[in-house]
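Here is how the chains run, residue by residue.
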Amino acid sequence: GVVMSKAADELRGLGELVTIPVATTLMGKGAFPERHPLALGMTGIWGTAVANNATRTADVVLAVGTTFGEADCSSWDRRFTFAIPPTRLIQIDIDPQEIGKIYPVEVGLVGDARATFKDLVHQLRSFRVAGDSQARMARLADERRAWEAQLKDSQQDNGRPIHPARLLHEISNLAPDDAIFVTDVGWNKNGAGQQLSVTKPGSFITSGGMATMGFAPGAAIGAKIGAPERKVICLVGDGGLLSAVGALATAVELGIPVLWVVFNNFCFSTIRSVGTTYFNNSYGTEFTTPDGRPYNPDFPLLARAFGIESGQVLDPDDLAPALKKALTVDKPYLLEVQTRADVPMPRTGHWDIADFLRLGNG
């Protein structure tokens, strides 16, 4: 809601005025600059430990333009993301039916996010803000450092195939501040939501909802048409790209300079993990030849067949130079990175699908 209302500046102004830490949903990522001292990151199943801890233990939560979806709220399990009550909720939404729909509200405000923020800031300027903001900021900085320490080993992993967290870390460090990330599903969606640093609204575009595989290859073209002055980086798995590979032809036909970064792990890794974890079966989820060898098309060669420049990274030490080159190319470009398939995303929240799969629906 904040992104759609173009209320990012007003959100930042309110946060800084009252020293309120700010967490976002997956779809709201970028509404608040994630390198800001008040930024908590994303909440929910694959949220940051900092965000989930802050929202779970808060005295008051001010929620703006969110429907409190399952993924953002750890399946509404009060042990992980929101505990409302006893936390008191102030909810702002332009749709009156959203007020109090999921959690009981202390105060409900029906209105546009931007207009409501402006009114709140105007009113709050006449109040003295209570509380020790310096202590709050110091505690937040400590929690952020602890969370970064948890991710450090995977983000600096030197193994082959490349750890997807290492790939995301390199992209986050090298991408321009105004880059637009368009994600598919799997590590390149949930891992990106958790670990990519996004500083501007409208810079993180993902399918959300049912997590449609194959969304990103074409959506990235649309994003570049809508913002031709910004670098558009499509993060997509091998399965996702192959389910909508015709987007490459469209980019050439229209001359749209998108960068596709392909996380190639030779499987539908998220689906495979469900199968192997709960059913001891990976049928249909691994890409292999009849003799069991990993199989995928030669992605750089495939891209060149479409008339697209391409590159491939097998070693983590080659990631930075390959990404730097790819980011400077002002034409369609595909970079394949062969990544590990056996590493789950750090889950700081909860998803009750695990309970259903383990116990059944009876």
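Structural data are supplied above this passage.
Residues numbered from 1 in each chain as written. Predicted model: local features only at pLDDT ≥ 70, side-chain atom pairs only at ≥ 80, totals over all residues. Heavy atoms only, no water.

Here we take up the pairing of strand E9 (residues 259-264). Counting buried positions along E9 yields six of six residues, so the element is predominantly enclosed. The alternating pattern of E9 places Leu259, Val261 and Phe263 and Trp260, Val262 and Asn264 on opposite faces, both of which are buried. Bridge analysis of strand E8 (residues 232-237) against E9 gives five bridges, and the strand direction is parallel. Looking at the pairing, leucine 235 lines up with valine 261 of E9. Two elements, E9 and strand E11 (residues 333-338), share six bridges in a ladder whose sense is parallel. Each bridged residue has a counterpart across the sheet, and for leucine 259 the counterpart in E11 is tyrosine 333. (Buried < 20%, exposed > 50% of the residue type's maximum accessible area, 1.4 Å probe, protein only. Helix = DSSP H or I, 4+ residues; strand = E, 2+ residues; numbered from the N terminus. Pairing = 2+ DSSP bridges.)

Assignment of secondary structure puts glutamate 98 in the loop between strand E4 (88-93) and strand E5 (107-110). Judged by its relative accessible area of 13%, glutamate 98 is buried. A distance of 3.1 Å separates the side chain of glutamate 98 from the side chain of lysine 101, its partner in a polar contact. (Polar contact = N/O pair within 3.5 Å; in protein donor to acceptor, adjacent residues only side chain to side chain.)

One pass over the full model with this rule turns up zero disulfides. No disulfide involves cysteine 267; its sulfur sits 18 Å from the nearest other cysteine sulfur, which is in cysteine 234. (Disulfide = S-S within 2.5 Å.)

In this structure, Phe181, Ile233, Leu235 and Val261 are the most contacted members of the largest nonpolar core, which totals 34 residues. Among the secondary structure elements, those contributing two or more residues to this core are helix H5 (164-174), E8, E9, helix H12 (319-328) and E11. Top element by residues in this core is H12. It accounts for five residues. Excluding its chain neighbours within four sequence positions, the residues that come into contact with valine 261 are Leu167, Ile171, Ile233, Cys234, Leu235, Val236, Leu335 and Val337. Residues Ala223, Val232, Val258 and Trp260 belong to the second largest nonpolar core, which totals 22 residues. (Core = buried A, V, L, I, M, F, W, Y, C linked by side-chain atoms within 4.5 Å. Contact = heavy atoms within 4.5 Å.)

Interpretation note: all reported values are geometric properties and have no functional meaning in isolation.
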